[in-house]
Amino acid sequence: MAEKLRSLTLITPAGFPLAESTVVDLFHMYPEELFATLFNDPTNIGEVAGDPEDIDVAVKGYEEASTTARLVWERRDDPKMPRRLRRVTCPALVVGAEHDRLVPDEAVDAYAAALPSAEAVRIPGTGHALIVEQPAAVAKAVL
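Cut-offs used in this document
Residues numbered from 1 in each chain as written. Predicted model: local features only at pLDDT ≥ 70, side-chain atom pairs only at ≥ 80, totals over all residues. Heavy atoms only, no water. Helix = DSSP H or I, 4+ residues; strand = E, 2+ residues; numbered from the N terminus. Buried < 20%, exposed > 50% of the residue type's maximum accessible area, 1.4 Å probe, protein only. Contact = heavy atoms within 4.5 Å. Areas by Shrake-Rupley, 256 points an atom, 1.4 Å probe, with all protein chains shown as cover. Salt bridge = Lys/Arg side-chain N within 4 Å of Asp/Glu carboxyl O. Core = buried A, V, L, I, M, F, W, Y, C linked by side-chain atoms within 4.5 Å. Pairing = 2+ DSSP bridges. Axes fitted to C-alpha atoms, helices over the stretch in contact; angles between N-to-C directions. Polar contact = N/O pair within 3.5 Å; in protein donor to acceptor, adjacent residues only side chain to side chain. Phe/Tyr/Trp six-rings, centres within 6.5 Å; stacked < 30°, edge-to-face > 60°. 1 Å grid on protein atoms, 1.4 Å probe; cavity = no way out; pocket = protein on both sides within 12 Å on 5 of 7 lines; lining within 4 Å. Points joined across faces, edges and corners; volume = space filled by probe spheres on them.

1. Considering the overall build of the chain
Next, step 1: If you tally the helices and strands in the chain, you get seven helices and three strands.
Next, step 2: Reading the chain from its N end, one meets helices and strands in the order β-α-α-α-α-β-α-β-α-α.
Next, step 3: When burial is assessed residue by residue, the chain has 30% of its 143 residues classed as buried.
Next, step 4: Here the analysis covers contacts within the chain between residues at least 6 apart in sequence; of these, 80% occur between residues at least 24 apart.
Next, step 5: When the accessible surface of the chain is split by element, carbon and sulfur atoms take 56% of a total near 9200 Å².

This is the structure:
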């Protein structure tokens with residue numbers, strides 16, 4: 001794998017099997033609950049929510065929800081993930097939120113522990129949508 005990847009960066013990764021931990025089921029949430037789960041600072045919601053009366057915004061939202069459902073509807077984690085990650089030999093960075101209410105905080109630590117050459121970084125003052133809440137801090141961590 002080292003020949004194919006120079007480095008690997010994961011941001012608020014999901015899919016790692018965690019004992020005693022559950023990922024929140026976003027398919028059972030109303031929009032306001034979902035935004036409260038994704039964002040640490042609700043004033044950032046306007047940057048991504050868009051105008052609900054705009055048909056293009058509604059179509060994009062449907063497409064994103066459909067893609068998410070295809071990826072995680074039946075299985076929220078991959079039991080083969082820990083074994084697969086051990087084969088990644090390039091340097092890795094796992095970026096997590098300070099208060100992730102969607103994916104358990106332990107996921108960042110589990111990914112970093114499973115990757116042989118990984119470092120974990122948490123972005124203060126953020127929820128799962130940390131790229132929206134603190135884009136400069138995330139970019140600085142990645143760079």
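2. Thoughts on the pattern of salt bridges
Next, step 1: Under the counting rule described, the total for this entry stands at two salt bridges.
Next, step 2: Residue arginine 84 is joined to aspartate 78 by a salt bridge in which the shortest nitrogen-to-oxygen separation is 2.8 Å.
Next, step 3: Salt-bridge contacts for arginine 122 lead to aspartate 109; the nearest nitrogen and oxygen are separated by 3.1 Å. Note that arginine 122 is positioned in strand β3 (residues 118-123) and aspartate 109 in helix α5 (residues 106-114), a separation of 13 residues in sequence.

3. Here's the deal with the nonpolar core
Next, step 1: Counting 15 residues, the largest nonpolar core has Leu8, Leu10, Phe16, Leu85, Val94, Tyr111 and Leu115 as its most contacted members.
Next, step 2: Those elements giving two or more residues to this core turn out to be β1 (8-11), α4 (81-85), β2 (92-97) and α5.
Next, step 3: By residue number, the principal contributor to this core is α5, which donates five residues.
Next, step 4: Here leucine 85 is in contact with Phe16, Tyr111, Ala114, Leu115 and Pro116, once residues within four sequence places are set aside.

4. With respect to the sheet that holds β2
Next, step 1: Taken in spatial order, the three strands of this open sheet run β1-β2-β3, and their pairing is parallel. Every other strand in the sheet has two partners, leaving β1 and β3 as the edge strands with one partner each. Taking the axes of each pair of neighbouring strands and ignoring which way they run, one obtains an average angle of 15° across the sheet.
Next, step 2: In this structure, β2 lies alongside β3, joined through six bridges in parallel fashion. Bridge pairing in β3 links valine 95 to valine 121.
Next, step 3: Against the sheet, helix α7 (residues 135-142) engages β1, β2 and β3, with an angle of about 165° to β3.

5. Quick word on the side chain of threonine 126
Next, step 1: One can find threonine 126 in the loop between β3 and α6 (130-133).
Next, step 2: Among the polar contacts listed, one links the side chain of threonine 126 to the backbone nitrogen of glutamate 98, at a separation of 3.3 Å.
Next, step 3: The contacts of threonine 126, once residues within four sequence positions are left out, are Asn40, Ala97, Glu98, His99, Asp100, Glu133 and Gln134.

6. Focus: the packing of aromatic side chains
Next, step 1: Here the structure, examined in full by the defined rule, presents two aromatic pairs.
Next, step 2: Ring geometry for phenylalanine 35 and phenylalanine 39: centres 6.3 Å apart, planes at 50°, overall tilted.
Next, step 3: Classification of phenylalanine 39 by relative accessible area gives buried; the value is 4%.

7. Considering empty space enclosed by the protein
Next, step 1: Tallying each qualifying case throughout the model produces one cavity of 30 Å³ or more.
Next, step 2: Here the largest cavity is characterised by a volume of approximately 40 Å³.
Next, step 3: Along its surface, the largest cavity is lined by Thr12, Pro13, Gly96, Ala97, Asp100, Val103, Pro104, Asp105, Ala107, Val108 and Arg122.
Next, step 4: Taken together, the elements giving at least two residues each to the lining of the largest cavity come down to β2 and α5.

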